[in-house]
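Residue strings, one per chain:
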Amino acid sequence: VTPWTGDPDKPARYSVQMIFPKDDPWVKKAKTQVKKIAVEAFGPNAVKLLQRGKLHNPFRDGDDEFPDDDTYKGNIFINANGAFEGKKPPGVFDQKVRDMRKRMDEGELAEAIYSGCYLQAEIKFFPYDREGGKGIACYLFRVQKRKDGEPLGGGAPASDVFDEVEDYDEEDEALDLEEDDDEAF
């Protein structure tokens, strides 16, 4: 729910990776929808092209792409970007459908919505055909937090690891090390 980029030369974008068990009933329905969109956009051979990797398929097999990562074992995943090429932030709502962006700053929001929490998402599959490729992609419009889960890869939220510093003094902010203090390393 906060923009990020894995490449410092590219602009940050809003995105989410959603992980589902391969046998989840929603996955079957969504795959049917993607096939229909592909055939409408790219013709009767589109399903074969999706299967062969000639068209981008939004459904990716976790066992194939991350064989050594238990998070993906037996799962399918989808990457969804915010609208307008990831520039538009998705709506973020809590369990009572309250807008979390209106009640929290970006830091608080990042702690509340993290990799590993359970979300419900409003997404839309759409065809694209532009320089560099074509296929079916996925827009992310809104998410609703359902419940907390085990953090994935990024560790626990800072509030679970650290306590507030009661006697914080800004003068203590910088370490006072001598240049030739070998004990520092």
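Scroll up to find the structure this text is about.
Residues numbered from 1 in each chain as written. Predicted model: local features only at pLDDT ≥ 70, side-chain atom pairs only at ≥ 80, totals over all residues. Heavy atoms only, no water.

Residue-level account of the overall build of the chain, with values.
In terms of helices and strands, the chain carries 6 helices and 6 strands. Of the regular secondary structure in the chain, the N- to C-terminal order runs β-α-α-β-α-β-β-α-α-β-β-α. Considering the chain as a whole, with its 185 residues, one finds that 26% of them fall into the buried category. Sequence-distant contacts in the chain: of pairs separated by 6 or more residues, those separated by 24 or more amount to 61%. (Helix = DSSP H or I, 4+ residues; strand = E, 2+ residues; numbered from the N terminus. Buried < 20%, exposed > 50% of the residue type's maximum accessible area, 1.4 Å probe, protein only. Contact = heavy atoms within 4.5 Å.)

Could you give an account of the pairing of strand β6 (residues 133–147), naming the residues involved and the relevant values?
The pairing of strand β3 (residues 75–82) with β6 spans 2 bridges and is parallel. Across the sheet, residue Gly-82 finds its bridge partner in β6, namely Leu-140. Bridge count between strand β4 (residues 91–93) and β6: 3 bridges; the pairing is parallel. Within β6, the position partnered with Gly-91 by the bridge is Arg-142. Bridge count for strand β5 (residues 118–130) against β6 is 13 bridges, and the pairing is antiparallel. Along β6, the bridge assignment pairs Tyr-118 with Lys-147. The turn joining β5 and β6, which pair antiparallel and follow one another in sequence, is formed by 2 residues; a positive phi near 100° is taken by Gly-132. (Pairing = 2+ DSSP bridges.)

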